[in-house]
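# Observations on the three-dimensional arrangement
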Amino acid sequence: MNFYFEKIDKNTYFVSNDSGEGLLLNKRQFESVIKGKKDKKLEGKCFWSKKYFTKPENIKNFIKSYSGINKYAYSSPSLHIIVMTLKCNHFCMYCRATDSKFNKEINEKTLIKTIDFIMDTPNPNITIEFQGGEPLLNWNLLKKGIEYIKKKNKKIGKNIIISLVTNLSLMDNQKLKFLIENKISICTSLDGPKQIHDKNRIYHPSSSYDKVVYWYKMIKKMIDLTNDGNIDFMPSALMTTTRYSFNHHKEIIDEYLNLGLGGIFLRPLSPIGYAKNIWGKIGYSSEEFLNFYEKSLNYIIEINKKGKKFVERNAAIKLRKILLKQDPNFLDLRNPCGAVIGQLAYNYDGDIYTCDEGRMVGAQNDKTFKVGNVFKSEYKDVVNSSPAKLCLLSSCLENQPLCVNCAFKPYCGVCPVFNYETSKTPFGSNQSFYWCRIEKGIFKIIIKILKNKKNLDLFMRWFDA
């Protein structure tokens, strides 16, 4: 069978095949594979995989693994993002959604039409995510939208998760009571301890950090009082890495740990939308991020070794593919990516985009990734649109010359919007750009850690229920 390889260090090679089976080999073992030697002992010396070599008797295992890591390749969108408003009461250093040109919000007619469009899409399992700007600035319509979804779904019967992405600064007891009663999953932003969060997310009336922490604790308290064990309903937080994060990896992780968050997603800042325009001021190199990431992951491993389960979600997404042959449906690391077939984004004016990143490009008056409008388009028009096909074609790794033979191809993915924003073509040149260097760098950091077999058991505990 075809196989791919990557040199991890002087005496270590990572080898993979299209089913996602991976081998961690020393130099002698690697040379045996390259030379095609039939070494019966080799399989027993493989690290986490003993099914790498595809023979007639285990072709079913190959098919099962391949299907597992490509589970959503032929799906319809499960994530639908509705932008309630472009307005925001924060002045985040990488967003700036307070400019006057963002003084727009969805109206009731457009909201209802958008929900109708979403409910007519074929996937029986969907998440409808309300975001902005700051969606609580359009609270009355947000409330009506949630109520309409619930009412409409009584007839349709989809499995629906409704989520809200908010900075929490406009939360109050009445709003929270409604959200809890309707089992709305709440996600907020937390970039770390107060000095870092407030540096990134400027909130002129007071401290953004104080608002986030207060209301996060209130949400958890109210959920605990309901005795609801639904994990999809628990509040979550997302962290964005900035220059200010680099010297504070322990403090950032400790902040999440002390708040009782089960893990953290260490994600880099992307030069998309407004951030692209000021990248020279706020951006950083892939090497700088990877240095921060490696220190952070090693610190998280030490926390886990002391008996506290705490997950780094970026690594967990990749490890679920490598170790379990399962696709966690993380849209950025699908092949092809999740644009249109995994998600759709609906702007305040009813315009539909391939994804939220495509919508951000649209906010800069570039409609390259617009696939329709809820008043003018049917679902079949959207999925058959030229931008949809372009995204699928350009994010299929078999069409990427620098990805097709990469050892991490079975687990990785590319973002056409990212490529477009950095190179003006959705195909991009991943080897020379930020995205590839970061993703490959994270994979190599993870594989190096897996050289210590004790860490394999540690990582596997992350997937325990």
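Right above here is the structure, for reference.
First, a word on scope: everything that follows refers to the structure included in this document. Each chain has its residues counted from 1, running along the sequence as written. Only residues with pLDDT of at least 70 are given local features in this predicted model, and only at 80 or more are side-chain atom pairs given and counted; all residues enter the totals for whole chains, interfaces and linings. Computation of side-chain values covers all heavy atoms of the structure but excludes hydrogens and water.

For this analysis, a nonpolar core means a set of buried residues of the types Ala, Val, Leu, Ile, Met, Phe, Trp, Tyr and Cys, connected via side-chain atoms within 4.5 Å. Relative accessibility under 20% of the residue-type maximum defines a buried residue, over 50% an exposed one, and the middle range a partly exposed one, all with a 1.4 Å probe and only protein chains included. Ranked by internal contacts, the top residues of the largest apolar core, which has 87 residues, are Leu297, Leu319, Phe459 and Trp462. Put simply, DSSP marks the helices as runs of H or I at least four residues long and the strands as runs of E at least two long, and each gets a number from the N terminus on. Examining the composition of this core, we find that 10 residues originate from one element, helix H18 (residues 434-450), more than from any other. Here, residues are in contact when the closest pair of their heavy atoms is within 4.5 Å. Contact partners of Leu297, with chain neighbours within four places excluded, come to Glu312, Ala315, Ile445, Ile446, Ile449 and Trp462.

Bringing the sheet that holds strand E1 (residues 4-9) into the picture now. Read from one edge of the open sheet, 3 strands run E1-E2-E3, paired in antiparallel fashion. Strands at the two margins of the open sheet, each flanked by one partner only, are E1 and strand E3 (22-26). Put simply, the sheet's adjacent strands are angled 25° from each other on average, direction ignored. For two strands to be treated as a pair, DSSP must find no fewer than two bridges joining them. Note: strand E2 (residues 12-16) against E3, 5 bridges, orientation antiparallel. Counted as the bridge partner of Tyr13 is Leu25 from E3. The angle between two axes is taken between their N-to-C directions and runs from 0 to 180 degrees, where each axis is a line fitted to C-alpha atoms and a helix contributes only its stretch in contact.

Since the α-helix advances by 3.6 residues per turn, residues separated by three or four positions end up pointing in the same direction. When we look at burial in helix H3 (residues 59-69), the residues that qualify are Phe62, Ser65, Gly68 and Ile69. For H3, the angular spread of the buried residues around the axis is 130°, confining them to a single face. For H3, the exposed residues set more than 90 degrees away from the buried face come down to Lys60 and Lys64. Each element contacted by the buried residues of H3 is listed here: helix H13 (313-324). Note that the arc is defined by the directions from the helix axis to the C-beta atoms.

Moving on to empty space enclosed by the protein. Grid points spaced at 1 Å and placed over the protein atoms alone form the basis of the search, with a cavity being a set where a 1.4 Å probe fits but cannot get out and a pocket an open set showing protein on both sides within 12 Å along at least five of seven lines. Lining residues have an atom within 4 Å of a point. Grid points are joined across faces, edges and corners, and a volume is the space filled by probe spheres set on the points. Inspection of the entire model under this criterion finds 3 cavities of 30 Å³ or more. In terms of lining residues, the second largest cavity is bounded by Leu331, Asp332, Cys337, Gly338, Ala339, Gln343, Cys355, Glu357, Val414, Cys415, Pro416 and Val417.

This paragraph deals with the pattern of salt bridges. Here, a salt bridge means any Lys or Arg side-chain nitrogen found within 4 Å of an Asp or Glu carboxyl oxygen. According to the stated counting rule, one finds 19 salt bridges in the structure shown. Between Glu181 and Lys177 there is a salt bridge whose closest N-O contact spans 2.5 Å. Here Glu181 pairs with Lys177, and both are found in helix H6 (residues 173-181), just 4 residues apart, close to one helical turn. In this structure Lys177 comes out as partly exposed when scored by relative accessible area, which is 46%. One salt bridge connects Arg437 with Glu287, and the closest N-O pair in it is separated by 4.0 Å.

Moving on, we come to the pairing of strand E14 (residues 343-346). Residues of E14 alternate between two faces, with Gln343 and Ala345 on one and Leu344 and Tyr346 on the opposite face, all of them buried. The pairing of strand E4 (residues 79-83) with E14 spans 4 bridges and is classified as parallel. Within E14, the position partnered with Ile82 by the bridge is Tyr346. Sheet topology note: the E14/strand E15 (residues 351-353) ladder contains 2 bridges and is antiparallel. Residue Tyr346 lies in a different strand from E15, and its bridge partner there is Ile352. A loop of 4 residues connects E14 with E15, the two strands running antiparallel in sequence, and Gly350 in this loop sits at a positive phi of about 95°.

Inspection of the secondary structure assignment puts Asp349 in the loop between E14 and E15. Considering only alpha carbons, one finds Asp349 and Thr85, 264 residues apart in sequence, at a separation of 9.6 Å. Excluding anything up to four places from it in sequence, Asp349 contacts Thr110 and Asn373. Distance and chemistry together define a polar contact, namely a pair of N or O atoms within 3.5 Å, with one atom able to donate a hydrogen and the other to accept it when in protein, and with adjacent residues in sequence counting only for side-chain atoms on both sides. A distance of 3.1 Å separates a polar atom in the side chain of Asp349 from the backbone nitrogen of Asp351.

Another aspect to go through is the side chain of Asn314. Relative to the assigned elements, Asn314 resides in helix H13. Its relative accessible area of 4% is what places Asn314 among the buried residues. A distance of 3.1 Å separates a polar atom in the side chain of Asn314 from the backbone oxygen of Leu266. In terms of polar contacts, Asn314 uses its side chain to reach the side chain of Lys318, at 2.6 Å.

Another point: the packing of helix H12 (residues 286-305) against H18. Where H12 meets H18, the axes come as close as 10 Å, and the angle between the chain directions of the two elements is 30°. Looking at the two axes, H12 sits roughly parallel to H18. Crossing of H12 over H18 shows right-handed handedness. For the pair formed by H12 and H18, the contact residues are Ser286, Glu287, Phe289, Leu290, Tyr293, Glu294, Leu297, Asn298 and Ile301 on the first element and Tyr434, Arg437, Ile438, Gly441, Ile442, Ile445, Ile446, Lys448 and Ile449 on the second. Residues are sorted three ways: Asp, Glu, Lys and Arg are charged, Ala, Val, Leu, Ile, Met, Phe, Trp, Tyr, Cys and Pro are nonpolar, and all the rest, Gly among them, are polar. A breakdown of the residues in the contact of H12 with H18 according to their chemical character gives 11 nonpolar, 3 polar and 4 charged. An angle below 35 degrees is read as roughly parallel, one above 145 as roughly antiparallel, one from 65 to 115 as roughly perpendicular, and any other as oblique. By definition, turning the near helix anticlockwise from the far helix through less than a right angle yields a left-handed crossing, and turning it clockwise yields a right-handed one.

So, about the sheet that holds strand E10 (residues 236-241). Spatially, the 9 strands line up as an open sheet ordered E12-E10-E8-E7-E6-E4-E14-E15-E16, and their pairing is mixed. At either margin of the open sheet sits one strand with a lone partner, and together these are strand E12 (266-268) and strand E16 (370-373). Looking at each pair of strands side by side, their axes are set apart by 25° on average, direction ignored. Taken together, the 3 bridges between strand E8 (residues 185-189) and E10 define a ladder with parallel strand orientation. Opposite Thr188, over in E10, you have Ala237 as the bridge partner.

A separate point is unusual backbone geometry. Cis geometry is found at the peptide bond from Gly132 to Gly133, where omega equals 20°. Tracing the sequence through the fold places Gly133 in the loop between strand E6 (125-131) and helix H5 (139-156). Put simply, Asn335 and Pro336 share a cis peptide bond, and its omega is -5°. For Pro336, the position within the fold is in the loop between H13 and E14. A positive phi angle is found at Lys183, which is not glycine, with a value near 55°.

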